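# A closer look at the structure
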Amino acid sequence: MNTERSPLDYSGERFPVYFEVADLETAYTTLESLDFIGQIETREHGYIVSITMQQIPEVVRTLARESIAIYAIIPDA
């Protein structure tokens, strides 16, 4: 596992990223709509998805467009 993540990482390496959100139902539907997200692992206050570093901002933009509050983003969750 790479613990040295960088915004300049343009590799195709996927790793687990935890998104803590307010509206779990809408967030799940929104995450499902993104074709680059495969399995969605449910947690008490959010979801873990396996994505590349450069896909994190896209997930954030998509959740924000749906007015879903994001309280945490934790790479390598």
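Residues numbered from 1 in each chain as written. Predicted model: local features only at pLDDT ≥ 70, side-chain atom pairs only at ≥ 80, totals over all residues. Heavy atoms only, no water.

Core analysis: the largest hydrophobic core is formed by 18 residues, its most contacted members being F19, L31, I37, I51 and V59. Going through the elements one at a time, β1 (15-21), α1 (24-33), β3 (46-51) and α2 (56-65) are the ones with two or more residues in this core. Those residues within four positions of I37 in sequence are excluded, and the remaining contacts are L31, V49, I51 and V59. (Core = buried A, V, L, I, M, F, W, Y, C linked by side-chain atoms within 4.5 Å. Buried < 20%, exposed > 50% of the residue type's maximum accessible area, 1.4 Å probe, protein only. Helix = DSSP H or I, 4+ residues; strand = E, 2+ residues; numbered from the N terminus. Contact = heavy atoms within 4.5 Å.)

It is worth spelling out the environment of R14 at this point. Mapped onto the secondary structure, R14 falls in the segment before β1. Put simply, R14 and M53 are 39 residues apart on the chain and 7.5 Å apart in space, counted from C-alpha to C-alpha. Apart from residues no more than four positions distant in its own chain, R14 is found in contact with F36, S50, I51, T52 and Q55. Within the structure, R14 has its side chain in polar contact with the backbone oxygen of F36 (distance 2.9 Å). Side-chain polar atoms of R14 contact the backbone oxygen of S50, separated by 2.5 Å. (Polar contact = N/O pair within 3.5 Å; in protein donor to acceptor, adjacent residues only side chain to side chain.)

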